[in-house]
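Breakdown of the fold
What follows is each chain in one-letter form.
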2 protein chains.
Amino acid sequence: MFAALGDETRLSLLALIGQGSGLSITRLTRGRGVTRQSITKHLGCLADAGLVRRVRRGRETCFVLRPESLEEARRSLERISRQWDEALERLRAMVEEDDGPSRAG
Amino acid sequence: MFAALGDETRLSLLALIGQGSGLSITRLTRGRGVTRQSITKHLGCLADAGLVRRVRRGRETCFVLRPESLEEARRSLERISRQWDEALERLRAMVEEDDGPSRAG
DNA sequence: ATTTCATGCAACGTTCTGGTTGCACGACGG
DNA sequence: CCGTCGTGCAACCAGAACGTTGCATGAAAT
């Protein structure tokens, strides 16, 4: 999922979808200087990561955001930050004694 | 930066660094089934993305987390979610009238 | 029915990425 | 000093990712 977010095109695509929910592929392709197929692939990638959802509307395929996934990503990041905090606190505790981190792993 | 997070190895590396700050490259390589050089590259990638910082300690190079960057990533995600919320509200406003989103773009 | 529009699929080429090997260098311990 | 440990750098390879072209299909407009 972070891999899906890790591409410039996909990230901007995601932002665009977030702004105007329900945009078609052709619409999403405008002004990017790449072909529609390329965008289609990126969109597939985003959908595959669960970040967007495909909605068929007549002859066009529209995409809508799935905020739940974004939330999930944020939580992952938060978890890592939190580990950092805990590590810091543990470190501080160790410094109190003068033994050192012999069994740190 | 999301690209840096988008790799399984790097993500776990980041988590490990978060747990035991100040781990050396060789230490970080243990039990991964890949060579030290590979890990070195990943670490360079993380450092390049500003997610970790290199700290030279004698003959070994240790890595420490930079929580600020994680925070920044979380904010990006939050911004996109937020856009979604706003879009939703705008959409609702349109439905109130009975015209529909004809000039959505 | 025909034309046009929006897509989907598959094959292909090029560029990145992740991983490996081999070698050189600086730091630590005896 | 000498041997060992932990790194850094460069060359190289295989597989994945990005992007393109060409063609086929279903829906909307005329």
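A few points on the structure.

In this section: the protein's contact with DNA strand D. What surrounds DNA strand D is a group of 23 residues, the closest being Thr 35, Lys 41 and His 42 of chain A together with Thr 26 and Arg 54 of chain B. Thr 35 of chain A places a side-chain nitrogen or oxygen 2.5 Å from a phosphate oxygen of DNA strand D. Contacts to DNA strand D include Arg 59 of chain A, whose side-chain N or O atom sits 3.4 Å from a sugar or linking oxygen. Those elements giving two or more residues to the surface near DNA strand D turn out to be helix H4 (36-48) of chain A together with helix H3 (25-29), helix H4 (36-48), strand E2 (52-57) and strand E3 (60-65) of chain B.

Attention shifts here to the environment of Arg 74 of chain B. Mapped onto the elements, Arg 74 of chain B comes out in helix H5 (residues 67-96). Setting aside its immediate chain neighbours within four residues, Arg 74 of chain B contacts Arg 74, Leu 77, Glu 78 and Ser 81 of chain A.

Moving on to the interface of chain B and chain A. Taken residue by residue, the interface counts 27 residues in chain B and 27 residues in chain A. Together chain B and chain A conceal approximately 2600 Å² of surface at their shared face, both sides included; 69% is due to carbon and sulfur atoms. Remark: the boundary between chain B and chain A carries 0 salt bridges. In this structure, the connection of chain B to chain A is made through 0 residue pairs in polar contact (both at pLDDT 80 or more). Looking at the side of chain B that touches chain A, the elements with two or more residues in it are helix H1 (2-5), helix H2 (8-19), E3 and H5 of chain B. For the side of chain B that touches chain A, the element with the most residues is H5 of chain B, which contributes 13 residues. The class makeup of the residues in the side of chain B that touches chain A is 16 nonpolar, 7 polar and 4 charged.

Cut-offs used in this document
Residues numbered from 1 in each chain as written. Chains lettered and ligands numbered in written order. Predicted model: local features only at pLDDT ≥ 70, side-chain atom pairs only at ≥ 80, totals over all residues. Heavy atoms only, no water. Near = heavy atom within 4 Å. Polar contact = N/O pair within 3.5 Å; in protein donor to acceptor, adjacent residues only side chain to side chain. Helix = DSSP H or I, 4+ residues; strand = E, 2+ residues; numbered from the N terminus. Contact = heavy atoms within 4.5 Å. Buried area = accessible area lost by both parts, 1.4 Å probe. Salt bridge = Lys/Arg side-chain N within 4 Å of Asp/Glu carboxyl O. Nonpolar A, V, L, I, M, F, W, Y, C, P; charged D, E, K, R; others polar.

So far we have only geometry, and geometry alone does not tell us how the molecule works.
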